[in-house]
Amino acid sequence: MVKSKQFDKHVALDEAMHVFWEKGYHATSIQDLVDRLGVNRQSLYDTYGDKDRLFLAALTRYQELQHGPIYKALARQAPAAEVLRGFFDQMVENLSSGTCKGCFMANTVTGLASQDDSVFEIGATNHRQLEAAFSGLLLRAQQNGELPPDRPLLPIARFLVNTMNGLGVTAKATRDKKVLKDIADVALSALGF
């Protein structure tokens, strides 16, 4: 009897995430995944079930990988204007690079959330977590006198998440750094930063 190939589930999930990110859900075949991961179909099915469940696991993995750096950037102890400027400048740099594939979450949510409740739920959770991260920064800014005490923080946090998501989507149409920087600059100036 032939022994099935053993593989690291975490490494395989990261590789699957990149395949889906590069090709999109519909254009990714099981054979694409088998080829990229270097495992046999049965091992893939035994570990993840089917393509849908592997895709959802990959999307959740992307969310986990992205949130650490985002939270760290937004939790930096500096004036909010400086933190936000640095955050969006770095985002513009990443998105305008020739190798950027856009944001996997934004790509997926814009393409699949209206058709798939599981994708919608992952996207909604991601959105709430980002709102909370921006809200934390804005609360510190308000406590430090950088924002007026009567400004509602949640709508501003939602605006910042929307700006972040919008940059990811716009980067799919242009990698022109100036276009992306203009969007970020207008968003920050609208907040008085």
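Residues numbered from 1 in each chain as written. Predicted model: local features only at pLDDT ≥ 70, side-chain atom pairs only at ≥ 80, totals over all residues. Heavy atoms only, no water.

## Some remarks on the nonpolar core
One recurring pattern in soluble globular proteins is that nonpolar side chains are buried together. How we decide: Residue types Ala, Val, Leu, Ile, Met, Phe, Trp, Tyr and Cys, when buried and joined through side-chain atoms within 4.5 Å, form a set referred to as a nonpolar core. Exposure classes here rest on a 1.4 Å probe applied to the protein chains alone. A residue is buried below 20% of its type maximum, exposed above 50%, and partly exposed in between. Counting from the N terminus, the helices are DSSP H or I runs at least four residues long and the strands are E runs at least two residues long. Note on definitions: a residue-residue contact is assigned when non-hydrogen atoms from the two residues lie within 4.5 Å.
Ranked by size, the top nonpolar core spans 31 residues in total, and within it Leu 74, Leu 84, Phe 88, Phe 134 and Leu 160 carry the most contacts. Contributing elements (two or more residues each) for this core: α4 (51–74), α5 (80–96), α7 (117–143), α8 (153–173) and α9 (177–190). Excluding its chain neighbours within four sequence positions, the residues that come into contact with Leu 84 are Leu 74, Phe 134, Leu 137, Leu 160, Leu 188 and Phe 193. Counting residues in each nonpolar core, the second largest holds 29 residues, with Met 17, Phe 20, Tyr 48 and Ala 113 among its members.

## Observations regarding the side chain of Asn 126
Within the secondary structure, Asn 126 sits in helix α7. Judged by its relative accessible area of 9%, Asn 126 is buried. Discounting chain neighbours no more than four positions away, the residues touching Asn 126 are Gln 63, His 67 and Met 105.

## Points about α8
Put simply, the test is: Between the first and last residue of a helix there are one fewer steps than residues, each counted as 1.5 Å, and that sum is the expected span. This arc is built from the directions going out from the helix axis to the C-beta atoms.
End to end, α8 covers 31 Å across 21 residues, agreeing with the expected 30 Å (1.5 Å per residue, within 8%). For α8, the set of buried residues is Leu 153, Ile 156, Ala 157, Leu 160, Val 161, Thr 163, Met 164, Leu 167, Gly 168 and Ala 171. Along α8, the residues classed as buried sweep out an arc of 150 degrees about the axis, all on the same side. Of the exposed residues in α8, the ones pointing more than 90 degrees away from its buried face are Asn 162 and Ala 173. Each element contacted by the buried residues of α8 is listed here: α4, α5, α7 and α9.

## So, the confidence of the model for the chain
Rule in force here: Scored from 0 to 100, pLDDT records how confident the predictor is in each individual residue.
Looking at the chain as a whole, its pLDDT mean stands at 91, while 96% of the residues score no less than 70. Model confidence for the chain, summarised as mean pLDDT per element, is weakest for helix α3 (residues 41–48) at 88 and strongest for α7 at 96.

## Notes on the pattern of salt bridges
For the record, the criterion: A pair is scored as a salt bridge if a Lys or Arg side-chain nitrogen falls within 4 Å of a carboxyl oxygen belonging to Asp or Glu.
Taken as a whole and judged by the stated rule, the model has 13 salt bridges. The shortest N-O distance in the salt bridge between Arg 76 and Glu 82 comes to 3.1 Å. Classification of Glu 82 by relative accessible area gives partly exposed; the value is 42%. In this structure, the salt-bridge partner of Lys 178 is Asp 182, at a minimum N-O distance of 3.1 Å. One end of the pair, Lys 178, and the other, Asp 182, are both in helix α9, four residues apart, so they sit about a helical turn from each other. If you follow the salt bridges from partner to partner, you end up with Arg 85, Asp 89, Lys 181 and Asp 185 in one network.

## Observations concerning the packing of α4 against helix α6 (residues 104–112)
The following threshold applies: To get an axis, a line is fitted to the C-alpha atoms, and for a helix only the part in contact is used. The angle between two axes follows their N-to-C directions and goes from 0 to 180 degrees. By definition in this entry, angles of less than 35 degrees are roughly parallel, angles greater than 145 are roughly antiparallel, angles of 65 to 115 are roughly perpendicular, and the rest are oblique. A crossing counts as left-handed when the near helix is turned anticlockwise from the far one by less than a right angle, and as right-handed when that turn is clockwise. Charged means Asp, Glu, Lys or Arg here, nonpolar means Ala, Val, Leu, Ile, Met, Phe, Trp, Tyr, Cys or Pro, and polar covers whatever is left, Gly included.
Interaxial distance between α4 and α6 falls to 10 Å at its minimum, and their mutual angle equals 135 degrees. Here α4 is positioned oblique relative to α6, judged by the angle of their axes. The chirality of how α4 crosses α6 is left-handed. Contacts from Phe 55, Ala 58, Leu 59, Tyr 62 and Gln 63 in α4 reach Phe 104, Met 105, Thr 108 and Leu 112 in α6. In terms of residue class, the contact of α4 with α6 is made up of seven nonpolar, two polar and no charged.

## Quick notes on the packing of α5 against α8
Following both chains from N to C, one finds α5 and α8 inclined at 15 degrees, their axes separated by 10 Å at the closest point. Here α8 runs roughly parallel to α5, going by the angle between their axes. α8 is crossed by α5, and the crossing has right-handed handedness. Taken together, the residues of α8 that come into contact with α5 (itself represented by Leu 84, Phe 87, Phe 88, Met 91 and Leu 95) are Leu 160, Thr 163, Met 164, Leu 167, Gly 168 and Ala 171. Grouping the constituent residues of the contact of α5 with α8 by class yields nine nonpolar, two polar and no charged.

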